[in-house]
Amino acid sequence: MNSKKLIFSIILTFSTAISALYADMAFSGYAGAKLKYTADPEAADYEPYLSMQSFFAGQFNFTQNIWSHLEVSLDTKNLISEKIFHETDSIFRLDELSIILRKQGYYAANYFAAFLGTYDPVGSDIFLQRYFGLEPISSKITESWLGNADSILYPHFGAGIADVMKFHDLPVAGGIYAYFNHEDSKFFVFNTDARFAMTLPLFTFDIAMGIGIPLGDKYKNENVIVVIDKVYWHAGTTILIGNNYTNSIFMQAGIFNASFTAGTDEAVAKSDDIYLIFEPRLFINNFHVNFSFFSLPKNTVKNFAFIDDTFGFDLNMYTNELNINSVIYTVGSHFCVSFKDKYFTKAAESETYKLDNMDIVVAPYVSTKIGTGELHAALKLNLMEFTRTNPSKAIAIDVGYRGTF
């Protein structure tokens, strides 16, 4: 049985078993899909390329104190290739499958969860939304159509358990996580993380940190019980000074897989494992101006809607209160200058800013409410592509819809 069939079997078995126990369960969720039309980036000449990103996220409420989350996403490659009526390459991902048990106490509520995939991903604002009812605060440059698991400060995937406590009379929540994954290419890794978050009218933060221990068999023929000669550590924080209705400063920082190895005193970390966003936000009469500096891992950037490179600067100007014939629109544009495969550690080097490495992108966008969801459209123009060998690759068009049910 291949991995996709195994995942579908797990989901089907899980859902069937729970449904048998709770026939009258309630369900809510949201889903979205986005089509992107551009030229094939791998082709020498112009060839049309239509890809699709989609996700589904749902919550099954079995009782007042027992519920489950399911989130899956699908990244489909060229839909207008010669093989469309036979097969199309795509990547299916189980982002989250979890069951949560809540116990109310006098001072706090305790949430115990068992999960596959990622649970309360570090870097997404889903933790703040779930436990504080906070409005979304994430940076617009990290927008993705593959669910919550893409805007993350460090990979939080695996199979494990979590326990979160939210105090009734204090704007404070904390939790611990223990999970196994395979982030080390050779061995399974046991991870344990701690998390603490607080939200105030003009200050919000969410911080998490932990360690990972590879479970290898390097010493299996020696007379030992447990040997640990390498430890990974990871950490991440999201901070908002102000709120969505004031001038504010949004910051995110994260590091993944920095390692301590026996016999050394240094923590080894690569630039590609460091996540940084610094974003001052101006709010003037329902008009927003966000200026972002970013240095992001390559695997993170590849799924974002508006930025394509790992290091750069973005100016996002928009209003979400444009009224035309009683229909409210969000209208704005990104102006981004970015550099391919460069990071903040090279910011002082002139080599970083060569024209061959540079992209200048203008991306106007518009969205509006339709039914229970939102229709979104964007045009991306990479101005630097007009100076290169194939100007047809300068244009990309995105159209997507997100809905709740």
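Before going into details, it helps to say that this report is about the structure given with it. (Residues numbered from 1 in each chain as written. Predicted model: local features only at pLDDT ≥ 70, side-chain atom pairs only at ≥ 80, totals over all residues. Heavy atoms only, no water.)

1. Section: the overall build of the chain
Check the secondary structure of the chain and you find three helices and 18 strands. A buried classification covers 44% of the 405 residues belonging to the chain. Across the chain, the fraction of contacts at a sequence separation of at least 24, relative to all contacts at a separation of at least 6, is 56%. A total of about 21000 Å² of accessible surface is found on the chain, and carbon and sulfur atoms cover 63% of it. (Helix = DSSP H or I, 4+ residues; strand = E, 2+ residues; numbered from the N terminus. Buried < 20%, exposed > 50% of the residue type's maximum accessible area, 1.4 Å probe, protein only. Contact = heavy atoms within 4.5 Å. Areas by Shrake-Rupley, 256 points an atom, 1.4 Å probe, with all protein chains shown as cover.)

2. Let's talk about the layout of surface pockets
Here the second largest pocket defines a volume of roughly 1700 Å³. Lining the second largest pocket are 50 residues, and of these Pro136, Lys140, Glu143, Glu374 and Arg402 sit closest to its centre. At the level of elements, α2 (126–132), β12 (274–284), β13 (287–295), β14 (311–324), β15 (327–339), β16 (358–370), β17 (373–382) and β18 (395–404) are the ones that each hand at least two residues to the lining of the second largest pocket. (1 Å grid on protein atoms, 1.4 Å probe; cavity = no way out; pocket = protein on both sides within 12 Å on 5 of 7 lines; lining within 4 Å. Points joined across faces, edges and corners; volume = space filled by probe spheres on them.)

3. Points about unusual backbone geometry
Backbone geometry at Ser326 places phi at a positive 70°, although glycine is not the residue there. Locating Ser326 in the fold gives a position in the loop between β14 and β15. With phi around 55°, Asp341 is a residue other than glycine that occupies positive phi space. Along the chain, Asp341 falls in the loop between β15 and β16. Judged by its relative accessible area of 46%, Asp341 is partly exposed.

4. Some points on the packing of aromatic side chains
Evaluated as defined, the whole model comprises 17 aromatic pairs. For the pair Trp67 and Tyr111, a centre-to-centre distance of 6.1 Å together with 65° between the ring planes defines the contact as edge-to-face. One end of the pair, Trp67, is in strand β3 (residues 66–76); the other, Tyr111, is in strand β5 (residues 108–118), and 44 residues separate them in sequence. Per residue, the accessibility class of Trp67 equals that of Tyr111, and both read buried. Ring centres 5.7 Å apart and planes at 85° place the aromatic pair Phe293 and Phe311 in the edge-to-face group. Of this pair, Phe293 sits in strand β13 while Phe311 sits in strand β14, and the two are 18 residues apart along the sequence. Taking relative accessible area as the criterion, Phe293 reaches 22% and is therefore assigned partly exposed. Relative accessible area serves as the criterion here: at 0%, Phe311 is assigned to the buried category. One aromatic cluster in this structure is built from Phe291, Phe293, Phe311, Phe313, Phe339 and Tyr353. Positioned above the aromatic ring of Trp145, the side-chain terminus of Arg402 is 3.9 Å from the ring centre. (Phe/Tyr/Trp six-rings, centres within 6.5 Å; stacked < 30°, edge-to-face > 60°. Lys NZ or Arg CZ within 6 Å of the ring centre and 35° of its normal.)

5. Looking at the pattern of salt bridges
This structure, assessed with the given rule, holds 13 salt bridges. For Arg195, the salt bridge is made with Asp206, and the minimal N-O distance between the two is 2.8 Å. Remark: Asp206 occurs in strand β9 (residues 203–215) and Arg195 occurs in strand β8 (residues 188–200); sequence separation between them is 11 residues. For the residue pair Arg195 and Asp206, the accessibility class agrees, reading buried in each case. Put simply, Glu279 and Arg281 hold a salt bridge, and the shortest N to O gap is 2.7 Å. Take Glu279: its relative accessible area is 1%, and that puts it in the buried class. One connected set of salt bridges, linked through shared partners, spans Glu96, Asp120 and Arg130. (Salt bridge = Lys/Arg side-chain N within 4 Å of Asp/Glu carboxyl O.)

6. Description of the side chain of Ser54
Looking at the secondary structure, you find Ser54 in strand β2 (residues 48–63). With sequence-adjacent residues up to four places away left out, Ser54 is seen in contact with Gly32, Ala33, Val72, Ser73, Leu74, Trp145 and Leu146.

7. With respect to the nonpolar core
The nonpolar side chains of soluble globular proteins are, as a tendency, buried together. Of all hydrophobic cores here, the largest spans 41 residues; its most connected members are Tyr119, Phe127 and Leu296. Put simply, the parts of the chain that give this core at least two residues each are β5, α2, β6 (157–167), β7 (172–181), β11 (248–261), β12 and β16. Leu296 has contacts with Asp272, Ile274, Tyr275, Leu276, Ile277, Val301, Phe304, Ile307, Thr310 and Tyr343, leaving out every residue within four places of it along the chain. Of all hydrophobic cores here, the second largest spans seven residues; its members include Leu70, Val72, Leu94 and Leu97. (Core = buried A, V, L, I, M, F, W, Y, C linked by side-chain atoms within 4.5 Å.)

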